[in-house]
Amino acid sequence: MASETWLIAGLGNPGSRYRHTRHNIGHMVLDELLDRMDAKYTRTKVGAKAVSARLGPGGPKVVFAISEGYMNLSGKPVRGLMDYFSVPTQNLIVVHDELDLDFGRAKLKRGGSEGGHNGLKSITSHLGGDRDYLRVRAGVGRAPGRMDSADYVLQKFSPAEQKELGIFISRLADAVELLISDGLPAAQNAVH
């Protein structure tokens, strides 16, 4: 429905140190979406950078946002934007890194467990335990050997992954647009 507002939150950490790391793939996808629309973020009072636009002529209003704080504190700015723009939980899309999927794979789902992801835990907590939001799970793969997962996601993509990263980011941005325009089942059929 074109009158409903959507919020797309791309998870990641602030600052140049994290800019091109696996953990910031959510930011990268939102950057791609903003590039497609020739739009730029502005600072908000809730600790996020955001911009609102229409998804296509006559399409729904969409708020694109990244937190200005660390990923594990994403819930407060996401909730603040949802309240300000009157976005219902079912119209929230969170784009995040996913260790349980190989690099280059994506899965779309609504609800479910946070799977140990601290950004998702923060969002769910600030939504009063409501998990009924959409997720774009961007596969970054598992840490090799005995490497700590936290260290792994804070590293830059490997040279081989970097060669494919642009295509993967574009596919993830397409998935976000499909979720809004065609709904979850159709988007899943196209992406999975």
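Residues numbered from 1 in each chain as written. Predicted model: local features only at pLDDT ≥ 70, side-chain atom pairs only at ≥ 80, totals over all residues. Heavy atoms only, no water.

1. Here's the deal with the nonpolar core
For clarity, the threshold we go by: Side-chain atoms within 4.5 Å are what join buried Ala, Val, Leu, Ile, Met, Phe, Trp, Tyr and Cys residues into a set we call a nonpolar core. Per-residue accessibility, obtained with a 1.4 Å probe over protein chains only, is compared with the maximum for each type, and a residue is labelled buried under 20%, exposed over 50%, and partly exposed between these values. To qualify as a helix, a DSSP run of H or I must reach at least 4 residues; to qualify as a strand, a run of E must reach at least 2; elements of each kind are numbered from the N terminus. By definition in these notes, contact holds between two residues if any of their heavy atoms fall within 4.5 Å.
In this structure, I8, F64 and I93 are the most contacted members of the largest nonpolar core, which totals 40 residues. Per element, the largest residue contribution to this core is 9 residues, and it comes from helix α5 (residues 159-182). Setting aside residues no more than four positions away along its own chain, I8 makes contact with L30, L33, V62, V63, F64, A65, I93, V95, V176 and I180.

2. Observations concerning the UniProt feature "binding site: tRNA" (unreviewed entry) in the protein chain
What counts here: UniProt positions are given in the numbering used here, feature names are shortened, and annotations may be inferred rather than shown by experiment.
Here, UniProt's "binding site: tRNA" (unreviewed entry) annotation points to Y18, Y70, N72 and N118. If you trace the backbone, Y70 turns up in the loop between β4 (61-67) and α2 (75-85). Here N72 shows up in the loop between β4 and α2. Relative accessible area serves as the criterion here: at 44%, N72 is assigned to the partly exposed category. The contacts of N72, once residues within four sequence positions are left out, are N118, G119 and S122.

3. Digging into the packing of aromatic side chains
For the record, the criterion: Stacked, tilted and edge-to-face are the three classes assigned to paired rings of Phe, Tyr and Trp, where Trp is represented by its six-membered ring and a pair needs centres within 6.5 Å; plane angles under 30 degrees give stacked, over 60 edge-to-face, the rest tilted. Throughout this description, the term charge over a ring refers to an Arg CZ or Lys NZ atom that lies within 6 Å of the ring centre and within 35 degrees of the ring normal.
If you walk through the whole model with that rule in mind, you get 4 aromatic pairs. A connected cluster of aromatic rings, assembled from ring pairs, spans F103, F157 and F168. If you follow R135 out to its NZ or CZ, it ends over the ring of Y133, 4.4 Å from the centre.

4. Describing the pairing of β4
The condition is simple: For two strands to count as paired, DSSP must find a minimum of two bridges between them.
Among the 7 residues of β4, 6 are classified as buried, and the element is accordingly described as predominantly covered. Pairing geometry for strand β1 (residues 5-10) and β4, over 5 bridges, is parallel. Its bridge partner lying in β4, T5 is registered against K61. With antiparallel pairing between neighbouring strands as the criterion, strand β3 (residues 48-54) and β4 make up a hairpin whose turn holds 6 residues, including G56 at a positive phi of roughly 80°.

5. Some details on the packing of helix α1 (residues 25-37) against α5
Applicable threshold: For helices, the fitted line uses only the C-alpha atoms of the stretch in contact; every axis is such a line through C-alpha atoms, and the angle between N-to-C directions lies from 0 to 180 degrees. Note on terminology: angles under 35 degrees are roughly parallel, angles over 145 are roughly antiparallel, angles of 65 to 115 are roughly perpendicular, and the others are oblique. Ten residue types, Ala, Val, Leu, Ile, Met, Phe, Trp, Tyr, Cys and Pro, are classed as nonpolar, four, Asp, Glu, Lys and Arg, as charged, and the remainder, Gly among them, as polar.
Look at α1 against α5: their axes get within 9 Å of each other, and the N-to-C directions meet at 75°. Classified by the angle between their axes, α1 and α5 sit roughly perpendicular to one another. Here I25, M28, V29, E32, L33 and R36 of α1 come into contact with α5, specifically with L165, F168, I169, S170, L172, A173, D174, V176 and E177. The class makeup of the residues in the contact of α1 with α5 is 10 nonpolar, 1 polar and 4 charged.

6. Re the environment of D97
To keep it simple, the criterion reads: Counting of polar contacts relies on pairs of N or O atoms within 3.5 Å, with two restrictions inside protein: one atom must be capable of donating a hydrogen and the other of accepting it, and residues adjacent in sequence are counted only when both atoms are side-chain atoms.
Relative to the elements of secondary structure, D97 occurs in strand β5 (residues 92-98). Taking the C-alpha atoms as reference points, D97 and H117, separated by 20 residues in sequence, lie 8.7 Å from one another. The contact partners of D97, leaving out residues within four places of it in the chain, are R22, H23, I25, M71, H117, A138, V140 and V153. A polar side-chain atom of D97 sits 2.8 Å from a polar atom in the side chain of H23. Within the structure, D97 has its side chain in polar contact with the side chain of H117 (distance 2.8 Å).

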